[in-house]
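# Observations on chain architecture
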Amino acid sequence: MTTQSIKPGRLIRDSLILVIPIYTSLLVFRIPGFIFSLLQFVIPEIWFTVLGSLYFLSIGTIFYGAQIYFTYKKINHQDVTISQSLQKAIEKFSELILLNTFFLLYIPASPRL
């Protein structure tokens, strides 16, 4: 058995070859979040907070779940489209909403360091 040395340049190049196509596709999932973040300049802060929580528990949940599914399939070299990942996230919406509700309740209650 022979050992090969790890070359940092090749490791970075191989990683970028795998990640860049995934990253560019993931930007599509972030468009609603970017649009929503622009609302903070238009509406009062209290309404933005309320709408932010509602967004996080509805549209954000679907898009975050679709991102996770899309990334998982792409890293495992399986063909998946953006619409397929969105459909899968919508199918799993009840489980995703439960997880996001936990995060919404847990993170503000966590101690500050």
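Residues numbered from 1 in each chain as written. Predicted model: local features only at pLDDT ≥ 70, side-chain atom pairs only at ≥ 80, totals over all residues. Heavy atoms only, no water.

Let us now look at the overall build of the chain. The helix and strand inventory of the chain stands at five helices and zero strands. Along the chain, helices (α) and strands (β) appear in the sequence α-α-α-α-α when read from the amino end. Scaling as 2.2 N^0.38, a compact globule of 113 residues should have a C-alpha radius of gyration of about 13 Å, whereas the chain reaches 19 Å, well beyond that. In terms of overall dimensions, the chain has a C-alpha envelope of 60 × 40 × 30 Å along the principal axes. (Helix = DSSP H or I, 4+ residues; strand = E, 2+ residues; numbered from the N terminus. Rg over C-alpha atoms; globule rule 2.2 N^0.38 Å.)

For the rest of this paragraph, the subject is unusual backbone geometry. Of note in the backbone geometry, His-77 takes a positive phi value of approximately 60° without being a glycine. Position of His-77 among the secondary structure elements: in the loop between helix H3 (59-75) and helix H4 (82-91). Classification of His-77 by relative accessible area gives exposed; the value is 66%. (Buried < 20%, exposed > 50% of the residue type's maximum accessible area, 1.4 Å probe, protein only.)

Our focus in this paragraph is the side chain of Lys-73. In this structure, Lys-73 sits in helix H3. It turns out Lys-73 is buried and unbridged, and the closest side chain with the opposite charge, Asp-79, is 11 Å from it. If sequence neighbours within four positions are ignored, Lys-73 has contacts with Gln-78 and Val-80. (Lys, Arg positive; Asp, Glu negative; His and termini not counted. Salt bridge = Lys/Arg side-chain N within 4 Å of Asp/Glu carboxyl O. Contact = heavy atoms within 4.5 Å.)

This part takes up the packing of helix H1 (residues 8-38) against H4. At a minimum axis separation of 11 Å, H1 and H4 run at an interaxial angle of 50°. As judged from the angle between their axes, H1 and H4 are oblique. For the crossing formed where H1 meets H4, the hand is right-handed. In contact with Ser-25, Val-28 and Phe-29 of H1, H4 contributes Ile-82, Ser-85 and Leu-86. (Axes fitted to C-alpha atoms, helices over the stretch in contact; angles between N-to-C directions. Parallel < 35°, antiparallel > 145°, perpendicular 65-115°, else oblique. Left-handed = near helix turned anticlockwise from the far one by under 90°.)

Once that is clear, we can look at H3. Taking 1.5 Å of rise per residue, 17 residues should cover 24 Å, and H3 covers 24 Å from first to last C-alpha, within 8% of that figure. Buried within H3 are the following residues: Gly-60, Thr-61, Phe-63, Gly-65, Ala-66, Gln-67, Phe-70 and Lys-73. Positive backbone phi, at 60°, marks His-77, one or two positions downstream of H3. (Expected span 1.5 Å × (residues − 1).)

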